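Report on the structure
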Amino acid sequence: MVRTSGLHALFAPKPQRKTKSKLATSLARAINSSDHFESSSLSSLITEPLSTTTVLQTLRLIKPPSHALRFFDYLSTNANFSHNSHSFFLMLHLLAQSRNLNAARNFLFSIEKRSNGSVKLHPRFFNTLIASYADAGLLHEALNLFHTMKKMGVSPSLITFNTLLSILLKRGKTGMALDLFHEMRATYGVTPDSYTFNILINGFCKNSMVSEAFRVFKDMECVPDLVTYNTIIDGLCRAGKVKTAHNVLNGMLKKDVNPNVVSYTTLVRGYCMKHEVDKALGVFNELVSTRGMKPNAVTFNTLIKGLSEAGRLDEIKEVLRTGSFAPDACTFNVLIKAHCDGGDVDAAVKVFREMVRPDSTSYSVLIRALCLRREFERAERMFEELYEKEVLLEKDGSKPLAAAYNPMFEYLCANGKTRRAERVFRQLMKIGAQDPPSYRTLITGHCKEGGFKSGYELLVLMLRREFVPDFETYELLIDGLLKTGEALLAHDVLLRMLRSSYLPVAEIFHCVLGELVRRGFAKECFELVTVMLEKRIRLKIDLSTDVVRLLFSSGQKEKAFVVVRLVYENGYLVKMEELIDFLCEKRKLVDSAHRLVVFCLENNQTVDISSCNRVIEGLCKGKRHSEAFGLYNELVEIGKNQQELSCIVVLRNALEAAGKLEEVRFLSKRMAMSDDCYGLKQGISS
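As the structure is a computational prediction, the values presented were derived from the model and not from experiment.

Details of the overall build of the chain
- What the chain contains, in helices and strands, is 40 helices and 0 strands.
- Compactness check: the chain gives a C-alpha radius of gyration of 37 Å against a globular reference of 26 Å for 686 residues, more than 25% above the reference.
- Projecting the C-alpha coordinates of the chain onto the three principal axes gives extents of approximately 130 × 70 × 50 Å.
- In the chain, 64% of the contacts between residues at least 6 apart in sequence involve partners at least 24 apart.
- Just so you have it, the chain exposes about 33800 Å², and 50% of that area is on carbon and sulfur atoms.

Here you go:
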């Protein structure tokens, strides 16, 4: 089988055969012994120039990566040590391997500057960080770094492509994987090796594309090796094509490629999956008797599992007598599951207690069985034991299936114990085992308990791993965050919801926008209004008015005018008179009030005459005589009655004080004409 995990093994610096020097050990001990090591404590140890070997040994011995980075920087400034490509690569690798991915990324892009250009970015620098992103399940970040690498003129290597192909196929992105494979050959001229083909074959098989995997297998440009054959046999067996897989195994012998225990074990598993246990026993006997091979623990456990699922428990003892196999954790787990499936949980618990070191599978099978029997108190005790012993984090144990713990998550979250559930869930996340429904269960649990911020944090983690929350989860979070006054988080969730291709009802937009206005978040209000108009979401006149007022108050005049323009272009309104009066009250904003009146006049929008009077008077007080006179003139020309323009006296006095005599004479004539017309009208009416 292809090993698609542990990508760091490809890039990790080779371990040193020599023992660590005393100086490296002393330096590392001094650094590790303190949270904030002092430069002086190192100076006394470094009495002569350090060799590259000593520096590399010391970096490997320092436990916290942050301390290793401080030591790395210390050497450049205090110890007169010139870092080379080896020390830079090791430092990057240590940061990446410890999952300090942001720090690793920043370090990567600072290498040329830190080295004054002496160390150039080689593909292997990018490869180690891409591999770390892949191990963490961060596909988007891995691809972004790959594109950045190309933009910087660093040609991807075979390892780069193999790493990316692996993570793409793990995520089911088969189309992207094929495109990348084509780019690898056509654009960069990189020749695939057997490992590349093994990744493709394994990935297509895991994504139920066995025909495509078989095509790749037949069209390979290099000679298939044992791993390749085992990979295609495994894929065919998983697809239920066990007979074809058996034929492939027989074909190996004709091409002088000898099947190994893995080949036969895979066939045994394939037949067991199809409940053809007799054929599985036939393959097992062929392995032992005909081929003279020694079955391994996996072979025994696979056959034992098949027999137990078929209810042929008595034959298990006969199989165990075949060799000197001592039952391991997997064997116990098979028996535990067999008892659970048979409804005898007490017998399963008895087997569990006989185990020297139960693993995650042991716990998950029992916890699930207890939950199904509604023995939640017993299940919860085992769940706590699982967490406290950190069974999930054991590196040599079986990889847990996150979905197996869902019944326990659901029980805890329904009973006010979401934080307990999340502790185990976080352990699962650390090892890359996660299940989208679990996210929803925990987010809902937090919301029920009022922990909306905790729910938000899980939502962000879920999206970062490219799992999409459902519509109801988004709505639940937005509603809760608004009720607890977390307007900014509610706004962020709403935007993420839109990016997930959901479109909530208008009322949700209105609620979020209203809370943003109430909290005074002008920037976010502007962003949300523009989004609403783009999405053709109905905009209430009160809300649009409040947003414009807030933007003006926050000194974001241009954004306020953008909103006004967009609102009217989309057929909505603001309370213009209310805004103009507000701006006139703020003497520094009279210019903005003037612009609003002009906007109304240019767009044939009605504006109250009293508001116009206030604007002209405000302009006069601000000694903006020309603007005041121009606005007055424009109002008269469109037919506004001068008697309604009560500002005329204020305007004339302001013009006289400013020495604008020509404008005063023009205004006086207008006033005289207006008085004559008014007297004539009064005479006629009398």
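From this point on, the discussion continues.
Brief notes about the pattern of salt bridges
- All told, the structure shown has 36 salt bridges when counted by the stated rule.
- As a salt-bridge pair, Arg 312 and Asp 278 come within 3.0 Å of each other at their nearest N and O atoms. With a gap of 34 residues between them, Arg 312 in the loop between helix H19 (297-309) and helix H20 (314-320) and Asp 278 in helix H18 (residues 277-290) connect regions that are remote in the sequence.
- Using a relative accessible area of 24% as the deciding quantity, one classes Arg 312 as partly exposed.

Describing the environment of Glu 507
- Structurally, the position occupied by Glu 507 is in helix H31 (residues 506-519).
- Given the relative accessible area of 43%, Glu 507 is considered partly exposed.
- Considered as a pair, Glu 507 and Arg 538 are 31 residues apart in the sequence and their alpha carbons are 9.2 Å apart.

A closer look at the confidence of the model for the chain
- Looking at the chain as a whole, its pLDDT mean stands at 85, while 91% of the residues score no less than 70.
- Ranking the elements of the chain by mean pLDDT puts helix H1 (residues 8-11) last, at 42, and helix H30 (residues 487-499) first, at 96.
- Residue range residues 1-11 is modelled with pLDDT below 50. Its contacts to residues more than four positions away, or to other chains, number 37 contacts.
- Contacts from residues 675-686, a stretch scored under 50 in pLDDT, to residues over four places away or in other chains number 2 contacts.

Regarding the packing of helix H24 (residues 376-388) against helix H26 (residues 418-430)
- Interaxial distance between H24 and H26 falls to 10 Å at its minimum, and their mutual angle equals 45°. Considered as vectors, H24 and H26 are oriented oblique to each other. Between H24 and H26 lies a crossing of left-handed hand. Across the interface between the two elements, Glu 380, Phe 383, Glu 384, Leu 386 and Tyr 387 from H24 touch Arg 420, Ala 421, Arg 423, Val 424 and Gln 427 from H26.
- Among the residues forming the contact of H24 with H26, the class breakdown is 5 nonpolar, 1 polar and 4 charged.

Focus: unusual backbone geometry
- Here Asn 116, not a glycine, exhibits a phi torsion of approximately 55°, which is positive.
- With respect to the element layout, Asn 116 can be found in the loop between helix H8 (111-114) and helix H9 (123-135).
- Of note in this structure, Ser 208 is not a glycine but carries a positive phi near 60°.
- Tracing the backbone through its elements, the reader meets Ser 208 in the loop between helix H13 (194-206) and helix H14 (210-218).

Quick notes on the packing of helix H29 (residues 471-483) against H30
- Contact pair H29 / H30: the axes reach a minimum separation of 8 Å and the direction vectors enclose 165°. Comparing their axes, H30 and H29 come out roughly antiparallel. Crossing hand, H29 versus H30: left-handed. For the pair H29 and H30, contact is made by Phe 471, Tyr 474, Glu 475, Leu 477, Ile 478, Leu 481 and Leu 482 and by Leu 489, Ala 490, Val 493, Leu 494, Arg 496 and Met 497, respectively.
- For the contact of H29 with H30, a count of residues per class yields 11 nonpolar, no polar and 2 charged.

Focus: helix H25 (residues 406-414)
- Most of H25 sits inside the fold, with 7 of its 9 residues counted as buried.
- Listed in full, the buried residues belonging to H25 are Asn 406, Pro 407, Met 408, Phe 409, Tyr 411, Leu 412 and Cys 413.
- Turning to H25, the residues buried within the fold contact helix H23 (360-372), H24, H26 and helix H27 (436-448).
- Once H25 ends, the next one or two residues include Gly 416, with phi positive near 70°.

Reading the values: rules and limits
- Residues numbered from 1 in each chain as written.
- Predicted model: local features only at pLDDT ≥ 70, side-chain atom pairs only at ≥ 80, totals over all residues.
- Heavy atoms only, no water.
- Helix = DSSP H or I, 4+ residues; strand = E, 2+ residues; numbered from the N terminus.
- Rg over C-alpha atoms; globule rule 2.2 N^0.38 Å.
- Contact = heavy atoms within 4.5 Å.
- Areas by Shrake-Rupley, 256 points an atom, 1.4 Å probe, with all protein chains shown as cover.
- Salt bridge = Lys/Arg side-chain N within 4 Å of Asp/Glu carboxyl O.
- Buried < 20%, exposed > 50% of the residue type's maximum accessible area, 1.4 Å probe, protein only.
- pLDDT = per-residue confidence, 0-100.
- Axes fitted to C-alpha atoms, helices over the stretch in contact; angles between N-to-C directions.
- Parallel < 35°, antiparallel > 145°, perpendicular 65-115°, else oblique.
- Left-handed = near helix turned anticlockwise from the far one by under 90°.
- Nonpolar A, V, L, I, M, F, W, Y, C, P; charged D, E, K, R; others polar.

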